[in-house]
Amino acid sequence: MSTIRVRFAPSPTGPLHIGGVRTALYNYFFAKKHGGQFVLRIEDTDSSRFVPGAEEYIVEAFKWLGIQFDEGPHVGGNYGPYRQSERKEMYRKYVDELLAQGLAYYAFDTPEELAAMRTRLETEKAPSLQYDASTRMTMRNSLTMSRDEVKYRLRGGEQYVVRIKIEPNETIVVQDLIRGEVAVNSSLLDDKVLWKSSDGLPTYHLANIVDDHKMKITHVIRGEEWLPSAPLHVLLYRYLGWENTMPKFSHLPLLLKPDGNGKLSKRDGDKLGFPVFPLEWTDPKTLEISTGFREMGYFSDATINILALLGWNDGTEQEIFSIDDLISKFSLDRVSKHGARFDVQKAAWFNHQYLMKKSNEVLTDLFIPFMHANAVVPIFERKVLEKIVGLVKERVNFVHEIWSQSHFFFVAPTSYDETVVKKRWTPETPEILGKFAEVLEKESDFSSEHLEQFMANFIKSNNYNMGQVMNCLRLCLVGEAKGAHLNDIMAIIGKDESLRRIQTAIIKIGG
Ligand code: GLU
């Protein structure tokens, strides 16, 4: 069997959507599982849609994810160039072959004439408004003109396109590894443009087929939006005589909005506060910035895991998959036929799982910039910082959230949550806390374990109830009803700071 070769073939028309990233990942898992090659091909034949920076963005996104292409414009390879705009000379030959065999034809219709055709068909209530077998004989093309006239126009430099000639009423079957057999009547297809004289470039359809053939692609794994084009692609393989080496098709399900109604869009992300792009993107025209998974604090391995499960599972309840797991377990026959819904909470949950797997050392490195961003000089030694991170990581999904869960270690409260004060702070509180401060001052063992015991003894020997003391002590130390265990907090901030906070609260809140 020949080596498996797959390609990810984005058009550089803007930032890569996470649906595109998922497509690339499935190609990658499939290739690596079978010891094959994963190729990046930039499909940039439509210059009107070209967006500067889009290709660089794609390359950087996969670099961040740690996914390597075996071949591509930035890595080279034996089947290059890997940008279609640099392959320009390769395509015309096939257009000429199709023309010579009568499988394609020249069409000289102007945009106005095409619009007029549509209007006419609309008024006639024609079943189809397409340029196809039912209409082409009424249009200005090489099927309706004499040979001489065609020659004359071509020589005169008239603009033209080359269209594929599709015979009506034929069943075209696409074998799809995910969807099975998809049969389409050829009368539903239009005579798609394969080539434009205006820029001397093929359209997506022709370039895509020629390149897949020349690059010896064995499997085409792409989004569902390309399924309607697949019958045309099958026909092109047949017309070009490449049916025997035609790649096997797989069309992946759409990524849906969180409510399941329709395709996931940038608007949904903006509305619900989640990214639909892997990295931040600045629109070069409007300068509008869209955030990315990386900038929102998702880890690259979590991002891969999240996207991998949007449309695939291994048939078990397992949800956490390392990249090696994904490579060994991925199979196209377990890809769903139905759209996969993007779930923001679930995505955060995944990130939490990956965060919990990271060591306190690594998380501390990642946290330090956020600590500095909050203008805190590191008053703690590295080991203590690691401890703080270890104490709060259970409560966060993202590294930047560590600050909101740990700021009280670094800075004393400047205000006290009013509702908690109202609910917990009684006229007796200052006296109870004063007494607590008095004994605490004499305590020499400030380890977290000992302080836990110490607090329990204090409460018991004075016959206080737990809530009475603990809730108010928390107010003093944290300023609100949240945070780590009080013994952990005191052990870290130390005796002096603990006493200072208790005394400050007694004075500020009062009796
Ligand atoms: N250039 C197409 C895209 O932007 C590629 C489709 C395909 O994979 O055939 O999605």
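Residues numbered from 1 in each chain as written. Predicted model: local features only at pLDDT ≥ 70, side-chain atom pairs only at ≥ 80, totals over all residues. Heavy atoms only, no water.

*Asks:* Is there a simple way to think about the site of the ligand in this case?
*Replies:* In the vicinity of the ligand, the contacting residues are R7, A9, P10, S11, E43, Y204, N208, R222 and W226. Measuring from a nitrogen atom of the ligand, one finds a side-chain N or O atom of E43 at 2.6 Å. R222 has a polar side-chain atom sitting 2.8 Å from an oxygen atom of the ligand. Alone, the ligand offers 300 Å² of accessible surface; in the complex the protein occludes 84% of this. Class assignment for the residues of the shell around the ligand results in four nonpolar, two polar and three charged. (Near = heavy atom within 4 Å. Polar contact = N/O pair within 3.5 Å; in protein donor to acceptor, adjacent residues only side chain to side chain. Areas by Shrake-Rupley, 256 points an atom, 1.4 Å probe, with all protein chains shown as cover. Nonpolar A, V, L, I, M, F, W, Y, C, P; charged D, E, K, R; others polar.)

*Asks:* Would you mind going over the packing of aromatic side chains with me for this structure?
*Replies:* Remark: the centre distance and the inter-plane angle together describe each pair of aromatic rings, the angle taken between the planes. Inspection of every chain in the model, using the stated rule, returns 29 aromatic pairs. Arranged with centres 5.5 Å apart and planes meeting at 70 degrees, the rings of Y28 and F38 form a pair that is edge-to-face. Of this pair, Y28 sits in helix 1 (residues 18–33) while F38 sits in strand 2 (residues 37–40), and the two are 10 residues apart along the sequence. Under the relative-accessibility criterion, Y28 is labelled buried at 11%. On the numbers, 4.5 Å between centres and 20 degrees between planes, the contact of F38 with F69 is stacked. Of this pair, F38 sits in strand 2 while F69 sits in the loop between helix 2 (54–65) and helix 3 (88–100); the two residues are 31 residues apart in sequence, bridging distant segments of the chain. Just as F38 is buried, F69 falls in that class too. These aromatic residues form a ring-pair network of at least three members: F8, Y26, Y28, F29, F38, F62, F69, W312, F321 and F330. Looking at K346, its charged tip hangs above the ring of W349, at a distance of 4.5 Å from the centre. Sitting over the face of the ring of Y354, K357 holds its NZ or CZ atom 4.5 Å from the ring centroid. (Phe/Tyr/Trp six-rings, centres within 6.5 Å; stacked < 30°, edge-to-face > 60°. Helix = DSSP H or I, 4+ residues; strand = E, 2+ residues; numbered from the N terminus. Buried < 20%, exposed > 50% of the residue type's maximum accessible area, 1.4 Å probe, protein only. Lys NZ or Arg CZ within 6 Å of the ring centre and 35° of its normal.)

*Asks:* Which parts of the structure should I look at to understand helix 15 (residues 401–410)?
*Replies:* An α-helix turns once every 3.6 residues. As a result, residues three or four positions apart point the same way. For helix 15, a buried count of eight out of 10 residues is recorded, marking the element as mostly surrounded by other parts of the structure. Of all the positions in helix 15, only I402, W403, Q405, S406, H407, F408, F409 and F410 are classed as buried. Residues of helix 15 that are buried make contact with helix 13 (360–373), helix 14 (382–392), helix 19 (466–478) and helix 20 (486–509). (Contact = heavy atoms within 4.5 Å.)

*Asks:* Can you help me understand the pattern of salt bridges in this one?
*Replies:* A pair can form between side chains of opposite charge whenever their charged atoms are brought close. Tallying each qualifying case throughout the model produces 35 salt bridges. Between E158 and R140 there is a salt bridge whose closest N-O contact spans 3.9 Å. Of this pair, E158 sits in the loop between helix 5 (147–155) and strand 4 (161–164) while R140 sits in the loop between helix 4 (111–123) and helix 5, and the two are 18 residues apart along the sequence. Judged by relative accessible area, E158 falls into the partly exposed class, the value being 27%. Residue classification places R140 among the partly exposed residues on the basis of a relative accessible area of 26%. Of the charged contacts, one joins K346 and E319 as a salt bridge, the two residues approaching to 2.6 Å between their closest N and O atoms. (Salt bridge = Lys/Arg side-chain N within 4 Å of Asp/Glu carboxyl O.)

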